[in-house]
Amino acid sequence: MRKATSRCWGSERELCYATTMPTIADQRAIRECSKLPFCYLCGNPLKRSERTRDHVPPKAIFAEEDRGVNPLILPAHPQCNTGQSVGDEVIGQLVAIAHGKLPKPGKTKLKFGAIVDDSGKPSHEFLTGHDLRPLIWRFIKGFHAALYREPLVVNGRANVHMPFPEGKQLLNGRVEFSEVLPQQRLITEEIKKNRLVGNLDSVRCFNDQCVYECVWVSDDSGQTLCMFALRLYDWEKLADRQNFTPRGCVGLYSPATGKPRTSTRGTSLIFPVSGEPLDPYDEDP
Ligand SMILES: [Zn+2]
């Protein structure tokens, strides 16, 4: 019998279960993910003859020294693993700036716009022309499959907020930036709170330059939700943090199959968290 090394809350007779929270971080755990029996993109079973290996996120977006250190590789059908090359290149060039590499002149896929003030000086610059959210959802599907060994089929609520203020360029040339939704603040708070009590499920890959963390909660109607945060290098620092509240990439989803058996439920403890209210990686007062 194992001797308890930590004190249990509750009476001595209370039943205790030794549990571990799913964490994919070391080489062995990450290597196991490539053996999943289903396609992480469509969720259907895979025959040996039809498996292809997909780096999640694409390895090209990482600095060369990080590409080979704990890459997350997941199986997929070849036909499911196509059609994202422009999005891959855009996010790749964006993340490359975060690790200090500027796109070569003439090769950039990034288009920037600017709002000018009355004196003609640019006051707000912004990235335009690409919705990166479908690509982020591919990554989320991969992290869910890796952590819980089951495909992700979303049912009902699902949303991802990019780490940059989002807006729409109107036909008259004006730009309308979206309001921050209350859920962005709520998700950030849940992530920070559960990180403090060691209660997050996580994937750390590509030399820890990709960090995905999540926790499971129930909303007011009793629906099960996964709340997550995703960090690629410190990409949130690429945002305009002068004119807008700094923010991280956060989101939520509700899977059709409910809460995975091995997932971690969020703490019900109520306590304040510090730092920027929309940035899950800023904890300084
Ligand atoms: Zn597939």
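What you are looking at is a predicted structure, and each value in this text was computed from that prediction instead of being measured. (Residues numbered from 1 in each chain as written. Predicted model: local features only at pLDDT ≥ 70, side-chain atom pairs only at ≥ 80, totals over all residues. Heavy atoms only, no water.)

Participant: Sorry if this is basic, but what is going on with a nonpolar patch on the surface here?
Facilitator: Side chains of Leu196, Val197 and Leu269 sit close together on the surface and give an oily, nonpolar patch of about 280 Å² of accessible area. Of note, Leu269 is situated in the segment after β12 (249–255). (Patch = residues over 30% accessible without salt bridge, like charges linked within 9 Å, V, L, I, M, F, W, Y side chains within 5 Å. Areas by Shrake-Rupley, 256 points an atom, 1.4 Å probe, with all protein chains shown as cover. Salt bridge = Lys/Arg side-chain N within 4 Å of Asp/Glu carboxyl O. Helix = DSSP H or I, 4+ residues; strand = E, 2+ residues; numbered from the N terminus.)

Participant: Would you mind going over the sheet that holds strand β9 (residues 201–205) with me for this structure?
Facilitator: Backbone-to-backbone hydrogen bonds join strands into a sheet, with any given pair of strands oriented parallel or antiparallel. On the basis of which strands lie adjacent, the open sheet formed by six strands has the order β1-β9-β10-β11-β12-β6 and mixed pairing. What marks the edges here is a single partner per strand, and that holds for β1 (23–24) and β6 (154–161). One ladder, built from five bridges, connects strand β11 (residues 224–232) with β12; its direction is antiparallel. The residue of β12 that forms the bridge with Phe228 is Gly251. Packing against the sheet, helix α4 (residues 133–148) makes contact with β1, β6, β9, β10 (210–218), β11 and β12, and its axis sits at approximately 75 degrees to β10. Where helix α5 (residues 182–196) meets the sheet, its contacts fall on β6, β10, β11 and β12, and the angle it forms with β11 comes to roughly 80 degrees. (Pairing = 2+ DSSP bridges. Contact = heavy atoms within 4.5 Å. Axes fitted to C-alpha atoms, helices over the stretch in contact; angles between N-to-C directions.)

Participant: Hey, could you run me through unusual backbone geometry in this one?
Facilitator: A negative phi holds for most residues other than glycine; trans holds for most peptide bonds. Here the bond from Val56 into Pro57 is cis, since omega is -15 degrees, no more than 30 degrees from zero. Secondary-structure assignment places Pro57 in the loop between β2 (52–55) and α2 (64–67). For Arg149, which is not glycine, the phi dihedral falls at a positive 55 degrees. Mapped onto the secondary structure, Arg149 falls in the loop between α4 and β6. The class for Arg149 is partly exposed, based on a relative accessible area of 41%. Phi angles above zero are rare outside glycine, and Phe206 is one such case at about 50 degrees. (Buried < 20%, exposed > 50% of the residue type's maximum accessible area, 1.4 Å probe, protein only.)

Participant: Honestly, the coordination of the zinc ion in this entry has me stumped. Any pointers?
Facilitator: A four-donor tetrahedral metal ideally has 109.5 degree angles, and a six-donor octahedral metal ideally has angles of 90 or 180 degrees. With distances of 2.1 to 2.3 Å, the protein atoms coordinating the zinc ion are Cys39 (SG), Cys42 (SG), His77 (ND1) and Cys80 (SG). Angles of 97 to 117 degrees at the metal separate the four donor atoms of the zinc ion, which places the site in the tetrahedral class. Positions of the donor residues of the zinc ion along the chain correspond to the pattern C-x2-C-x34-H-x2-C. Here His77 lies in the loop between β3 (73–76) and α3 (85–98) and Cys39 lies in the loop between α1 (27–32) and β2, a separation of 38 residues in the sequence. Side by side, Cys39 and His77 carry an identical accessibility label, which is buried. (Donors = N, O, S within 2.8 Å, 3.2 Å for Na, K, Ca; no water. Tetrahedral: all angles 85-135°; square planar, octahedral: opposite > 155°, others 65-115°.)

Take it as geometry only, folks, not as evidence of what the structure does.
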